[in-house]
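# What the coordinates show
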Amino acid sequence: MAKPVLYSYWRSSCSWRVRIALNLKEIPYDIKAVSLIKGGGEQHCNEYREVNPMEQVPSLVIDGHTLIESLSVMHYLEETRPQRSLMPQDCYKRAKVREICEVISSGIQPLQNLIVLIHVGEEKKKEWAQHWITRGFRAVEKILSSVAGKYCVGDEISLADCCLIPQVFNARRFHVDLRPFPIILRIDRELENHPAFRAAHPSAQPDCPPEAAK
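Note that the structure is predicted; figures quoted are calculated from it, not measured.

### Looking at the sheet that holds strand 4 (residues 65-68)
Taking strand neighbours across the sheet as the criterion, the four strands line up as 2-1-3-4 in an open arrangement whose pairing is mixed. Each having just a single partner strand, strand 2 (30-33) and strand 4 make up the two edges of the open sheet. The mean angle between the axes of side-by-side strands here comes to 20°, regardless of whether they run parallel or antiparallel. Pairing of strand 1 (residues 5-8) with strand 2, which is carried by four bridges, proceeds in the parallel orientation. Note that in strand 2 the partner of serine 8 across the bridge is alanine 33. Relative to the sheet, helix 1 (residues 13-24) contacts strand 1, strand 2 and strand 3 (59-62), its axis offset from that of strand 1 by approximately 155°.

### Some points on the UniProt feature "domain: GST C-terminal" (unreviewed entry) in the protein
Residues given the UniProt feature "domain: GST C-terminal" (unreviewed entry) here are residues 90-210. With 64% helix and 0% strand, the stretch residues 90-210 has end C-alpha atoms that lie 44 Å from each other.

### Considering the nonpolar core
Membership of the largest hydrophobic core comes to 56 residues, with the highest contact counts inside it found for Ile100, Phe137 and Leu164. At the level of elements, helix 1, strand 3, helix 3 (70-80), helix 4 (91-107), helix 6 (125-147), helix 7 (159-173), helix 8 (182-191) and helix 9 (195-200) are the ones that each hand at least two residues to this core. A total of eight residues in this core trace back to one element, the largest contributor, which is helix 7. Excluding its chain neighbours within four sequence positions, the residues that come into contact with isoleucine 100 are Ile143, Leu144, Val147, Cys152, Val153 and Ala160. One finds Tyr9, Trp10, Val51 and Val57 within the second-largest nonpolar core, a separate group that totals nine residues.

### Observations regarding helix 4
The terminal C-alpha atoms of helix 4 lie 23 Å apart, and with 17 residues this matches the ideal 24 Å at 1.5 Å per residue to within 8%. Taken together, the buried positions of helix 4 are occupied by Lys96, Val97, Ile100, Cys101, Ile104 and Ser105. Projection of helix 4 onto a plane perpendicular to its axis shows the buried side chains occupying an angular sector of 155°, all on one side. The opening residue of helix 4, the one whose side-chain oxygen lies 3.1 Å from the backbone nitrogen of tyrosine 92, is aspartate 90.

### Things to note about the environment of serine 8
Of note, serine 8 is situated in strand 1. With near-sequence residues (within four places) excluded, serine 8 lies in contact with Ser15, Arg19, Ile31, Lys32, Ala33, Val34, Val57 and Asp207. Only 2.8 Å separates the side chain of serine 8 from the side chain of arginine 19, close enough to count as a polar contact.

### Some remarks on the pattern of salt bridges
Tallied over the full model, the rule gives eleven salt bridges. Of the charged contacts in the structure, one is a salt bridge between glutamate 122 and lysine 125, with a shortest N-O distance of 3.4 Å. According to the relative accessible area criterion, glutamate 122 is exposed, its value standing at 62%. Residue classification places lysine 125 among the partly exposed positions, given a relative accessible area of 27%. Here lysine 150 makes a salt bridge to glutamate 190, at a shortest N to O gap of 3.9 Å. Of the two residues, lysine 150 sits in the loop between helix 6 and helix 7 while glutamate 190 sits in helix 8, which places them 40 residues apart along the sequence.

### Let's talk about the packing of aromatic side chains
If you walk through the whole model with that rule in mind, you get five aromatic pairs. Measuring from ring centre to ring centre gives 5.6 Å for tyrosine 7 and tyrosine 48, while their planes differ by 50°; the resulting arrangement is tilted. You can see tyrosine 7 sitting in strand 1 and its partner tyrosine 48 sitting in helix 2 (residues 46-51), a full 41 residues away along the chain. Each of the two residues, tyrosine 7 as well as tyrosine 48, counts as buried.

What counts as what
Residues numbered from 1 in each chain as written. Predicted model: local features only at pLDDT ≥ 70, side-chain atom pairs only at ≥ 80, totals over all residues. Heavy atoms only, no water. Pairing = 2+ DSSP bridges. Helix = DSSP H or I, 4+ residues; strand = E, 2+ residues; numbered from the N terminus. Axes fitted to C-alpha atoms, helices over the stretch in contact; angles between N-to-C directions. Contact = heavy atoms within 4.5 Å. UniProt positions renumbered as here; feature names shortened; annotations may be inferred. Core = buried A, V, L, I, M, F, W, Y, C linked by side-chain atoms within 4.5 Å. Buried < 20%, exposed > 50% of the residue type's maximum accessible area, 1.4 Å probe, protein only. Expected span 1.5 Å × (residues − 1). Arc of directions from axis to C-beta. Polar contact = N/O pair within 3.5 Å; in protein donor to acceptor, adjacent residues only side chain to side chain. Salt bridge = Lys/Arg side-chain N within 4 Å of Asp/Glu carboxyl O. Phe/Tyr/Trp six-rings, centres within 6.5 Å; stacked < 30°, edge-to-face > 60°.

Here's what the structure looks like:
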């Protein structure tokens, strides 16, 4: 069977989520880099539009199928490769994992996505990103206060952790004050040296610019 191919951009948090999940499940894969900035964005070219009609990353070619949207991709991996599960068995805990994923993937990340920041404009983009990340992290911190253990939901790594860590990176990139979010920071510290998370980090990607890998 052909090795899965992940269409990815080194700094894309959505691509990063999927890289973490693939690594945690120990699924070998190849990366096909798609630059979101070169030549106005390679995601907009006709060739890539055939892969992903939303003209976004990631896209995953696996099992003879092409899948888009990071949460959908991660749930497919969970359902087709249930070993090294990234979802709790308990129904309530599963719901909380989905809740945290949804807050991040719908309520935070799209609002500080590249296409939105370009529309907002250079002068206001930092303030805009800080506002929406802070607002979303207040909700995430509140949810974590009732369900977090060592990780986001209990003591096992889940899809919620796959979503949280890239978003913390983005928060730092936009100089968000993270001091009001001690649980988020603790989980980030817990996972920063985990091999699967380190291997998925932007600085470890083949398309990471040398100056950003330092």
